[in-house]
Structure formats: C-alpha cells, structure tokens
Amino acid sequence: MDVKTAFLRGDLDEEIYMEQPEGFEVKGKDNYVCKLKKSLYGLKQAPMQWYRKFGSYMSQQGFKKTSSDHCVFVQKFSDHDFIIILLYVDDMLVVGHNACRIKELKEELNKSFAMINDIIISLKFGDPTMYKSYWQKMCNKCNITFNGDDSLSYFATGKSLCWFLESKLKEQLKRLHNVVGNAIVDDHYIVVGTRSSQLVQAVLYALSPSDQLEPISVVSATPFYSTYPYVTNLVRSGLNKWAGDLKTFEKDEPFIELITSPNNPNGIIREHVVNGDQGKLIYDLAFYWQQYTSITPPANNDVMLFTISKCTGHASSIIGWALVKDKEVARKMTRFMEICTIGVSKEAQLRDAKLLEVVSNSCLDFTLENFLEYSQSLMDNRWFRLRQDRMTTMANAKRNEEDIVGQEVPPQDPIDPLGENVTNTEMRMAFQVLAQAMSAQSNTEILLG
C-alpha cells in the first residue's frame, strides 16, 4: 500500500516561514512571507514529521514498534493472531493471517491517510486459476464421463494396500513421477488423501508412538507453512503436539520433523535438521515440480507428500497423495483416512487421473504443448514482473533517501516480536518469511496488503 502525499501530512513542531511561491505572490505584499501550517516536500523535517505522525497514529490503533526496527509495527491479539506493518518512506506492507482484520485496518488507514495501490496476496489459497489458459486449450482431452451406476461401491478397482485408491490414479501417479523424475515410486506404497492437511494428520498418527506417556513433539525449521501448528493440534489426540521451530528445539527426546522441500518462499531444496536417530522425517514435496524449482535427483525418502493443486492447478479436486516406504506406516495412514472420511471421492480420483495423463502425454508427445514447460514459463514471467515492480519501488523510494539521512529516530518503548519474551512461533516465522518476501523471492502464505 502507498500513502498519497505522505510528507504533506506531518505536523510541524516549530514556526517555519517560506517565500511566496512563484505565481502565487500577493500584489502589494511582495516582502511578505508565508507561514507553514503543515509539513511540505523539500523540508528537511518532512520525513521525520511524517514518521512521527504515522507512529503516533499506529500507537493509537494498538500497534507497538519493534526494538530491532523502528519502522516495523506489531499488534498482537488475545487469540494469538497478529498483524505486522512495515513502513518504508510512504510504502507500506501489511502482514497477517486474518483477512477481516487486515481489511478493517486498511479501512481505518484510509480514514486518516489516502491510500493507493491496494493489493492482497494470499498463499493460503494461492492462485488456482493461473493455469486456466492451458487447460482451456486442452478442451476435450480432459473430458471424462460418469454413468449413474459408476462408483457405487466404497472399494476401488484393483488391489492396493490403500483400498480406496483407484487403479487408474495409481497408474498415472507412477507414470508422472517417472516422467518428471522428481520421486522414486517403485518401492513405495501410495496412499491417497484429501489434500496435504489430511495426509499430514494421517502420517503424524502413523508415526506417533502409542505407548508413550507424553505426546511426541512435532517440529519444523522456519519458515514453514502456517497450517502445520493447526493441523498438528487440531484433534488433540494426545499422540503428538506442535513444538515449534526445530532450530530452537533443544529437548533430548524423540520428535517428528516436517520438512518443506523445496522451501516456499525461496525455493531452496532442504534437508532434515534432525540430529541423532530420535527424529522421524516427513518430506512435504508439494512444490517439487519443474515449474517451481529445478529437479535434482529424484526424492527417495521414507514419507513424501504431494498435492494435485500444486502439480496441475486443480485445487478443487482436493486430492493429495503420499509415497510411503514402510508398509505398516502406509497401513496406519490408510486406517486414519478410513475412519475420518471412509476414503477419498472416486470421481475426484478418476478426474485427476485423466489430468495427470494429459500432463504426462504433453511431456512425451512433441505435438502437444508441454504443460510443465508452459507453467515454468508462466512462473518465470511472474517472477520477472515481481522483480521489476520491486526495482521500481526501490528506485522511487531512493529519491527520498537524502531527506532521511542524518535524522535519528527518537527512543521508544517498543516490544520485540523476535525476543525471548515472545512465545508465538508464528510471529518469528512470519517475520522471516516477510524478510525473504522483501528480497523478491517470495510466494508467501501470509496475507499481504
């Protein structure tokens, strides 16, 4: 968000006079000067007065400045939610999980300051329509027909340890992974679920010891997906509990580590941080596709999670799958899904099987437009535009730097969201994600305004 004519909004602490502007002189009073009532562009005081005006307003709204950066304002709520605002001259970045609270804040800001360039980016729901133009061109290649007597049974066709996994989907999943080369599938069991959230819960259930007095800790190295804590603690099973950032986890006890690789937002291929043999690993490989990162040797981990929405863009299918080496873990995951939802929709599985077939065909048939190359080009273009926008913003902001140099920020009594007195791990996570977002390497899950 940008603030219109920000430097005109500061209040003056001293009397300042200026010569009459050219073209606005008062006849007969050529020797008179004008007394400024408000700040003005060109004044050395203008940036500082604007900062003080904004800081005072944010304090009235319940925000506090951080001690690490006086241009970062934080408001925490009783339900452990938060909003972070970064101010860079007259540019503003608003970060938070709750879209309604962000909307209310922007409405309040608009009452006091005229705002422009208002935009919200949400990775919670991503951009599921970004590949629409490709699928429109595929037309009837993706068509599938269901008769009234189809899919009447709970059981899928074919024989799998995951008894509700449709054989056509199993076949196309194996085929696509082999075509792309992003995961070993031949020595893994395939367990299908309702997106990654249910799969995460299922694998946590499968990996958590049932004979321990205390729930096993679940951790992940920041930045991680903000849904991890909620998914872990949602059912309060007593088998596991969310224990926060692995980098600060110092307990000498068994734990389960969730690994996001490639990591979103920076796309880095990550490895586990487990020390010793007490950790159990879950690799969340939702973004391990050609359009998001370079494919290195195929992943061959004990548990690997994928979703159809990140692969083809079809978020409405709400389908995810796990590649699992251990038969007992796969069996327990299947049991979890059986109890929760009695399997996964057959129609959704068959539709996704058809979509995956089209993707694989496009990679092998030179007469078809390669979906992965198309989507990679689309993502490259998005990153290019994002970097161009950032360069433009930085260039505009640099014009005001000389006005700010040499002006010190007065001492405050701020809070430090990254300090030891704050236990909200999401605050630290959001702050780190935000730092990477500002370096134009982000596709964050957090709401930005």
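In this text the structure is predicted, and so the values were computed from the model without any measurement.

Rules used in this analysis
- Residues numbered from 1 in each chain as written.
- Predicted model: local features only at pLDDT ≥ 70, side-chain atom pairs only at ≥ 80, totals over all residues.
- Heavy atoms only, no water.
- Core = buried A, V, L, I, M, F, W, Y, C linked by side-chain atoms within 4.5 Å.
- Buried < 20%, exposed > 50% of the residue type's maximum accessible area, 1.4 Å probe, protein only.
- Contact = heavy atoms within 4.5 Å.
- Helix = DSSP H or I, 4+ residues; strand = E, 2+ residues; numbered from the N terminus.
- Expected span 1.5 Å × (residues − 1).
- Polar contact = N/O pair within 3.5 Å; in protein donor to acceptor, adjacent residues only side chain to side chain.
- Pairing = 2+ DSSP bridges.
- Axes fitted to C-alpha atoms, helices over the stretch in contact; angles between N-to-C directions.
- Patch = residues over 30% accessible without salt bridge, like charges linked within 9 Å, V, L, I, M, F, W, Y side chains within 5 Å.
- Areas by Shrake-Rupley, 256 points an atom, 1.4 Å probe, with all protein chains shown as cover.
- Salt bridge = Lys/Arg side-chain N within 4 Å of Asp/Glu carboxyl O.
- Parallel < 35°, antiparallel > 145°, perpendicular 65-115°, else oblique.
- Left-handed = near helix turned anticlockwise from the far one by under 90°.
- Nonpolar A, V, L, I, M, F, W, Y, C, P; charged D, E, K, R; others polar.
- pLDDT = per-residue confidence, 0-100.
- Phe/Tyr/Trp six-rings, centres within 6.5 Å; stacked < 30°, edge-to-face > 60°.
- Lys NZ or Arg CZ within 6 Å of the ring centre and 35° of its normal.

Focus on the nonpolar core
Among the nonpolar cores identified, the biggest contains 72 residues, and Trp135, Ile282 and Met333 are the most heavily contacted of them. Sequence-distant contacts of Ile282, defined by excluding residues within four places in its chain, comprise Val203, Leu204, Leu207, Ile256, Glu257, Leu258, Ile259, Val303 and Leu305.

Structural notes on helix α9 (residues 346-364)
For α9, which comprises 19 residues, the first-to-last C-alpha distance of 27 Å matches the rise-based estimate of 27 Å (1.5 Å per residue) to within 8%. By the N-cap criterion, in which a side-chain oxygen at the helix start approaches the backbone nitrogen of a residue two or three places on, α9 is capped by Ser345, the distance to Glu347 being 3.4 Å.

With respect to the sheet that holds strand β14 (residues 303-307)
An order of β9-β15-β14-β13-β12-β10-β11 is seen for the 7 strands of this open sheet, with the pairing classed as mixed. With partners counted over all chains shown, the strands left at the sheet margins are β9 (189-193) and β11 (240-245), one partner each. The mean angle between the axes of side-by-side strands here comes to 25°, regardless of whether they run parallel or antiparallel. The sheet contact formed by strand β10 (residues 216-220) and β11 spans 5 bridges and is parallel. In the strand pairing of β11, Val219 is matched with Gly244. Here helix α4 (residues 167-180) sits on the sheet and contacts β9, β14 and β15 (320-324); the angle it forms with β9, its principal contact strand, is near 115°. Contacting β9 and β15, helix α8 (residues 327-341) runs over the sheet at an angle of about 20° to β9.

Quick look at a nonpolar patch on the surface
Together, Tyr154, Phe155 and Ile342 give the surface a local cluster of nonpolar side chains, amounting to about 360 Å² of exposed area. Here Ile342 shows up in the loop between α8 and α9. Taking the relative accessible area as the measure of exposure, Ile342 reaches 43% and is therefore partly exposed.

Some points on helix α1 (residues 46-60)
A rise of 1.5 Å per residue sets the reference length of α1, with its 15 residues, at 21 Å; its end C-alpha atoms lie 21 Å apart and thus fit the reference within 8%. Inspection of α1 places Ala46, Pro47, Met48, Gln49, Trp50, Tyr51, Phe54, Gly55, Tyr57 and Met58 among the buried residues, and these make up the whole buried set. Just downstream of α1, Gly62 is the residue with a positive phi angle, here 95°.

Regarding the pattern of salt bridges
Counted under the stated rule, the structure contains 8 salt bridges. Ionic pairing is found between Glu166 and Lys346, a salt bridge with its closest N-O pair at 4.0 Å. You can see Glu166 sitting in the loop between α3 (132-138) and α4 and its partner Lys346 sitting in helix α9, a full 180 residues away along the chain. Taking relative accessible area as the criterion, Lys346 reaches 9% and is therefore assigned buried. Note that Glu357 is salt-bridged to Lys354, the shortest N-O span being 3.8 Å. On the criterion of helical spacing, the pair formed by Glu357 and Lys354 is a turn pair, its members being 3 residues apart in helix α9. A relative accessible area of 24% places Lys354 in the partly exposed class.

Considering the packing of α4 against α9
The geometry of α4 relative to α9 is characterised by a closest axis approach of 9 Å and an angle of 30° between their N-to-C directions. On the basis of the axis angle, α4 is roughly parallel to α9. Viewed along their axes, α4 and α9 form a crossing whose handedness is left-handed. From α4, Lys168, Leu169, Gln172, Leu173, Arg175, Leu176 and Val179 reach across to α9, where they touch Gln349, Leu350, Asp352, Ala353, Leu356, Glu357, Val359, Ser360, Asn361, Cys363 and Leu364. Tallied by class, the residues present in the contact of α4 with α9 amount to 10 nonpolar, 4 polar and 4 charged.

Here's the deal with the environment of Glu328
Structurally, Glu328 is set in helix α8. The partly exposed category is assigned to Glu328, whose relative accessible area is 37%. Along the primary structure Glu328 and Leu161 are separated by 167 residues, whereas in three dimensions their C-alpha atoms are 10.0 Å apart. For Glu328, the side chain forms a polar contact with the side chain of Arg331, separated by 2.4 Å.

Some details on the packing of α1 against helix α2 (residues 99-112)
Where α1 contacts α2, the axes come no closer than 12 Å and their chain directions differ by 135°. Compared by their axis directions, α1 and α2 come out oblique. For the element pair α1 and α2, the recorded crossing hand is right-handed. On α2, the residues that touch Phe54, Tyr57 and Met58 of α1 are Leu105, Glu108, Leu109 and Ser112. By residue class, the composition of the contact of α1 with α2 is 5 nonpolar, 1 polar and 1 charged.

Overview of the confidence of the model for the protein
With 80% of its residues at a pLDDT of 70 or more, the protein shows a mean pLDDT of 80. Per-element confidence in the protein ranges from a low mean pLDDT of 37 for strand β16 (residues 447-448) to a high of 96 for β15.

Let's talk about the packing of aromatic side chains
Working definition: an aromatic ring pair is given by the centre-to-centre distance plus the angle between the planes. All told, the structure shown has 18 aromatic pairs when counted by the stated rule. Ring centres of Trp289 and Phe306 lie 5.8 Å apart, and the angle between their planes is 65°; this geometry places the pair in the edge-to-face category. With Trp289 in the loop between β13 (279-284) and β14 and Phe306 in strand β14, the pair connects residues that are 17 residues apart, well separated along the chain. The class of Phe306 is buried, set by a relative accessible area of 0%. Consider the rings of Trp289 and Trp321, whose centres lie 6.5 Å apart with planes at 65°: the pair is edge-to-face. In this pair, Trp289 sits in the loop between β13 and β14 while Trp321 sits in strand β15, placing the two residues 32 residues apart along the sequence. Both residues of the pair, Trp289 and Trp321, belong to the buried class. Site record: aromatic cluster; members linked through ring pairs are Phe224, Tyr225, Tyr228, Trp242, Phe287 and Tyr292. If you follow Lys29 out to its NZ or CZ, it ends over the ring of Tyr32, 5.4 Å from the centre. A cation over a ring is seen here: Arg101 above Phe77, with NZ or CZ 4.0 Å from the ring centre.

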